[in-house]
Amino acid sequence: LLLKKGGWMVYNGDLGPTRQEEGHDGLVYTARNMVDYFENCSPLAPKMRPEMNPAEYMLDIVGAGLGTHADRGDNVDFVRLFEESEMAKGM
């Protein structure tokens, strides 16, 4: 569950698969499902840059990030997009 300021829901689903990676104890969480959802829900949605981790990307999407990336999701109404999504209809 990911909420935007004010308690507005923008994502409620599986984050994505995990994988084993050398040099890490345990699993690496990719959050691929969540990242794919945001990258594909609008042509204006920012893409996750290679140097970002999924948590940083998620914070930028909801406007709670540090604002260090020029392509934040400020121009996309992720609340409306979620409310109209198949994900929301399946809840």
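Residues numbered from 1 in each chain as written. Predicted model: local features only at pLDDT ≥ 70, side-chain atom pairs only at ≥ 80, totals over all residues. Heavy atoms only, no water.

S.K.: Break down the overall build of the chain for me, with residues and values.
M.R.: Helix and strand content of the chain: 4 helices and 4 strands. When the helices and strands of the chain are listed from N to C terminus, the series reads β-β-β-β-α-α-α-α. Within the chain, buried positions represent 33% of all 91 residues. Long-range pairs, those at least 24 residues apart, make up 38% of the contacts in the chain between residues at least 6 apart in sequence. Accessible surface computed for the chain: about 5,900 Å², of which carbon and sulfur atoms make up 53%. (Helix = DSSP H or I, 4+ residues; strand = E, 2+ residues; numbered from the N terminus. Buried < 20%, exposed > 50% of the residue type's maximum accessible area, 1.4 Å probe, protein only. Contact = heavy atoms within 4.5 Å. Areas by Shrake-Rupley, 256 points an atom, 1.4 Å probe, with all protein chains shown as cover.)

S.K.: Quick rundown of the nonpolar core? Include the residues and the values.
M.R.: The biggest cluster of nonpolar side chains holds 19 residues, and the ones touching the most others in it are Val-10, Phe-38 and Phe-78. Breaking this core down by element, the ones donating at least two residues are strand S2 (8–11), helix H1 (32–40), helix H2 (54–61) and helix H3 (78–83). (Core = buried A, V, L, I, M, F, W, Y, C linked by side-chain atoms within 4.5 Å.)

S.K.: Got a sec to walk through unusual backbone geometry? Specific residues and values, please.
M.R.: In this model, Ala-31 sits at a positive phi of 55 degrees, which is unusual for a non-glycine residue. Positionally, Ala-31 belongs in the loop between strand S4 (27–29) and H1.

Limitation: the analysis is restricted to geometry and does not speak to function.
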